[in-house]
Amino acid sequence: QVQLVESGGGLVQTGGSLRLSCVGSGRTFSDHGMGWFRQAPGKEREFVAAISWSGRYTMYADSVKGRSTISRDNAKNTVYLQMNSLKPEDTAVYYCAASRLQWGQRRTDFTTWGQGTQVTVSS
């Protein structure tokens, strides 16, 4: 089973950018659809973006579409989330997740989760 470790979070001003990374262990990383979710204080964990096994297909939540790009490098067992034009409402803990499906959007589509990385956007 793949294990996931996120990094790249931090404090950034409104309009700034961050690139989150998620490194997976194990030889089956490329067999997993990957996703990013986020959870703000007092709110439910919500879908942000997903990418298929090969990286050919991607999808985004409306709240980040046009501002974020998900990508993966299977040779490095890594998935990325590039976030631009950040807003205070993007403040949350961001989680990387792996799915045995080609890809998914629901929390229940994903079986393995990282520990999360904090993103804080100041106004």
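Here the structure is a predicted model, which means the values were calculated and not measured.

Conventions adopted
Residues numbered from 1 in each chain as written. Predicted model: local features only at pLDDT ≥ 70, side-chain atom pairs only at ≥ 80, totals over all residues. Heavy atoms only, no water. Helix = DSSP H or I, 4+ residues; strand = E, 2+ residues; numbered from the N terminus. Buried < 20%, exposed > 50% of the residue type's maximum accessible area, 1.4 Å probe, protein only. Salt bridge = Lys/Arg side-chain N within 4 Å of Asp/Glu carboxyl O. Phe/Tyr/Trp six-rings, centres within 6.5 Å; stacked < 30°, edge-to-face > 60°. Lys NZ or Arg CZ within 6 Å of the ring centre and 35° of its normal. Disulfide = S-S within 2.5 Å.

Q: For the environment of valine 121, give the residues involved together with the corresponding values.
A: Of note, valine 121 is situated in strand 11 (residues 117–122). Judged by relative accessible area, valine 121 falls into the buried class, the value being 6%. In sequence terms valine 121 and serine 99 are 22 residues apart; their C-alpha atoms lie 29 Å from each other.

Q: I'd like to hear about the pattern of salt bridges, residue by residue, with values.
A: Counted by the stated rule, this structure contains six salt bridges. Between aspartate 90 and arginine 38 there is a salt bridge whose closest N-O contact spans 2.9 Å. With aspartate 90 in the loop between strand 8 (78–83) and strand 9 (92–99) and arginine 38 in strand 4 (residues 33–39), this pair connects stretches of sequence that are 52 residues apart. The exposure class of arginine 38 is buried, given its relative accessible area of 6%.

Q: Describe the packing of aromatic side chains, naming the residues involved and giving the relevant values.
A: The description of an aromatic ring pair uses the distance of the two centres, along with the angle that the planes make with each other. Applying the stated rule across the entire model yields five aromatic pairs. Ring centres of tyrosine 57 and tryptophan 103 lie 5.8 Å apart, and the angle between their planes is 45°; on these two criteria the pair is classed as tilted. One end of the pair, tyrosine 57, is in the loop between strand 5 (46–51) and strand 6 (58–60); the other, tryptophan 103, is in the loop between strand 9 and strand 10 (112–113), and 46 residues separate them in sequence. Its relative accessible area of 36% is what places tyrosine 57 among the partly exposed residues. Taking the relative accessible area as the measure of exposure, tryptophan 103 reaches 29% and is therefore partly exposed. Linked through ring pairs, Phe37, Phe47, Phe110 and Trp113 together constitute an aromatic cluster. Positioned over the ring face of tyrosine 95 is arginine 45, at 3.6 Å from the centre of the ring. The positively charged end of arginine 45 is found above the aromatic ring belonging to tryptophan 113, 5.0 Å away from the centroid.

Q: Describe the state of the cysteines, listing the residues and the values that go with them.
A: Counted according to the given criterion, the structure contains one disulfide. Put simply, cysteine 22 and cysteine 96 are joined by a disulfide, and their sulfur atoms are 2.1 Å apart. Disulfide cysteine 22 to cysteine 96: torsion about the S-S bond roughly -80°, handedness left-handed. Placement of cysteine 22 in strand 3 (residues 18–24) and of cysteine 96 in strand 9 is noted, with a sequence separation of 74 residues between them.

Q: I'd like to hear about unusual backbone geometry, residue by residue, with values.
A: With a phi close to 55°, asparagine 77 is a non-glycine residue in the positive phi region. Even without being a glycine, serine 85 presents a positive backbone phi close to 50°. Of note, serine 85 is situated in the loop between strand 8 and strand 9.

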